[in-house]
Amino acid sequence: MLTDYHVHLRPDDEDTPPSRYFTRGNAERYREAAEERGIAELGVAEHIHRFTQALEVWQHPWWRRWARDDVDAYCAFVREETDLRLGIEADFVAGAEDRIASFLDAREWDFVVGSVHFLRDEAVDMEDWSVWGRGEPAEKIWRRYFETVGEAARTGMYDIIAHPDLVKVWGRDAPQPEGDLRRYYEPAIEGCLEGGVAVEVSTAGLRKPVGEIYPSRRFLEVVVDAGLPVALSSDAHVPDQLGHRYEDALALLEQVGIGELCVFERRERRLEPIG
Ligand SMILES: [Zn+2]
Ligand SMILES: [Zn+2]
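This section reports on the structure supplied with the text.

About the thresholds
- Residues numbered from 1 in each chain as written.
- Chains lettered and ligands numbered in written order.
- Predicted model: local features only at pLDDT ≥ 70, side-chain atom pairs only at ≥ 80, totals over all residues.
- Heavy atoms only, no water.
- Donors = N, O, S within 2.8 Å, 3.2 Å for Na, K, Ca; no water.
- Phe/Tyr/Trp six-rings, centres within 6.5 Å; stacked < 30°, edge-to-face > 60°.
- Helix = DSSP H or I, 4+ residues; strand = E, 2+ residues; numbered from the N terminus.
- Buried < 20%, exposed > 50% of the residue type's maximum accessible area, 1.4 Å probe, protein only.
- Lys NZ or Arg CZ within 6 Å of the ring centre and 35° of its normal.
- Expected span 1.5 Å × (residues − 1).
- Contact = heavy atoms within 4.5 Å.
- Pairing = 2+ DSSP bridges.
- Tetrahedral: all angles 85-135°; square planar, octahedral: opposite > 155°, others 65-115°.
- Salt bridge = Lys/Arg side-chain N within 4 Å of Asp/Glu carboxyl O.

**Digging into the coordination of the zinc ion (ligand 1)**
Six octahedral donors at a metal ideally form angles of 90 or 180 degrees, and four tetrahedral donors ideally form angles of 109.5 degrees.
Moving on, step 1. Of the protein atoms, only Glu89 (OE), His117 (NE2) and His163 (NE2) coordinate the zinc ion (ligand 1), at distances of 2.1 to 2.2 Å.
Moving on, step 2. Sequence positions of the residues that donate to the zinc ion (ligand 1) give the spacing E-x27-H-x45-H.

This is the structure:
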């Protein structure tokens, strides 16, 4: 059984209103692309920052710029007009744990994807508000990033931790630490164990400057040693990106000895064999 849960129904662009993308026709295009690629379990996880209710969680100017849509209308659309699993990609915002929990607990998700895009007010993966380029050493940014992933996982608010080594997104276009990167991973893995959360394997990194699956093979080996479950996704933003380069992901999973994937329904998790 193949899955794709971390899926967006629209690109991260201006002028992508729900009236055009949260439609039965668009959901069907995603379902058809999934079927072609043998993906039976399909869910959607829109970005929390696209919803006005997210401003009750965080008032970052970048969120204020994007928060336009109604989250309950999104939930109703997915439940009533599609056969997709209902999820959300909810950033972890340190210090806003109670407000994130209230936002999440007020709705009936199938799964909640937790992401670390921001370290305090600065973004790891965007040119706006970037954490890079102020001269802070890569060592320090990487350490903070994986500690924050651990903190996010430990809250227990999430079912899946997304793109767990996103900090590498820019590849050689950003400062990178030297040597064996395993020294960074431990706080993230410990947080996942404490929070009982699954680790995402995402092919999105293959579309980014780094050109690698999230997480690295080394990270995944630690995941296997820790006995953590894995969820497979593409982070598609258009139907054609569904299951993007899953053959590479499946080869990696096989190499590290992962034969089962997480399946979610109403926030209950079970494992299904891949093939
Ligand atoms: Zn993300
Ligand atoms: Zn995403």
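Picking up after the structure, the text goes on.
**Examining the packing of aromatic side chains**
Moving on, step 1. Using the criterion set out here, one finds 17 aromatic pairs in the structure.
Moving on, step 2. Between tryptophan 58 and phenylalanine 118, the aromatic rings sit 5.0 Å apart at their centres with planes inclined by 80°, giving edge-to-face as the arrangement. One end of the pair, tryptophan 58, is in the loop between β2 (39–47) and α3 (61–66); the other, phenylalanine 118, is in strand β5 (residues 118–119), with 60 residues separating them in the sequence.
Moving on, step 3. Since its relative accessible area comes to 4%, phenylalanine 118 is described here as buried.
Moving on, step 4. An aromatic cluster is present here, built from Trp142, Tyr145, Phe146, Tyr184, Tyr185 and Phe219 joined pairwise through their rings.
Moving on, step 5. In this arrangement the basic side chain of arginine 107 is found over the ring face of phenylalanine 103, its NZ or CZ atom lying 4.8 Å from the centre.

**Remarks on helix α6 (residues 138–154)**
Moving on, step 1. Taking 1.5 Å per residue, 17 residues should reach 24 Å; α6 reaches 24 Å between its end C-alpha atoms and fits that length.
Moving on, step 2. Those residues of α6 lying buried are Ala138, Ile141, Trp142, Arg144, Tyr145, Phe146, Thr148, Val149, Gly150, Ala152 and Ala153.
Moving on, step 3. Check the buried side of α6 and you find it contacts β5, β7 (160–161), α7 (182–195) and α8 (217–226).
Moving on, step 4. Two residues or fewer after α6 comes glycine 156, characterised by a positive phi angle close to 75°.

**Describing the sheet that holds β2**
Moving on, step 1. Read from one edge of the open sheet, seven strands run β1-β2-β3-β4-β7-β8-β9, paired in parallel fashion. Each edge of the sheet is formed by a strand with only one pairing partner; in this case those strands are β1 (2–4) and β9 (230–233).
Moving on, step 2. Looking at chain direction, β7 and strand β8 (residues 198–202) are connected through two bridges and run parallel. Across the sheet, isoleucine 160 pairs through a bridge with alanine 198, a residue of β8.

**Concerning the coordination of the zinc ion (ligand 2)**
Moving on, step 1. Distances from the zinc ion (ligand 2) to its protein donors, His6 (NE2), His8 (NE2), Glu89 (OE) and Asp235 (OD), fall within 2.1 to 2.3 Å.
Moving on, step 2. Metal-centred angles of 83 to 163° between the four donor atoms at the zinc ion (ligand 2) mark the site as irregular.
Moving on, step 3. Summarised as a motif, the one-chain spacing of the donors to the zinc ion (ligand 2) is H-x1-H-x80-E-x145-D.
Moving on, step 4. The zinc ion (ligand 1) is placed at 3.6 Å from the zinc ion (ligand 2), the two being bridged by glutamate 89. In this pair, histidine 8 is assigned in the loop between β1 and α1 (18–21) and aspartate 235 in the loop between β9 and α9 (246–256), connecting sequence segments 227 residues apart. Taken individually, histidine 8 and aspartate 235 each receive the classification buried, so the pair is uniform in this respect.

**Quick look at the pattern of salt bridges**
Moving on, step 1. As enumerated under the stated definition, the model contains 27 salt bridges in all.
Moving on, step 2. Among the ionic pairs, arginine 154 bridges to glutamate 194, the shortest N-O distance being 3.0 Å. Taken together, the residues arginine 154 in helix α6 and glutamate 194 in helix α7 connect sequence positions 40 residues apart.
Moving on, step 3. Arginine 245 serves as the salt-bridge partner of aspartate 248, at 2.8 Å between the closest nitrogen and oxygen.
Moving on, step 4. Overall, the relative accessible area of 35% leaves arginine 245 in the partly exposed class.
Moving on, step 5. Salt bridges here are not isolated pairs; linked through shared partners, they connect Glu122, Arg134, Glu136, Lys140 and Arg144.

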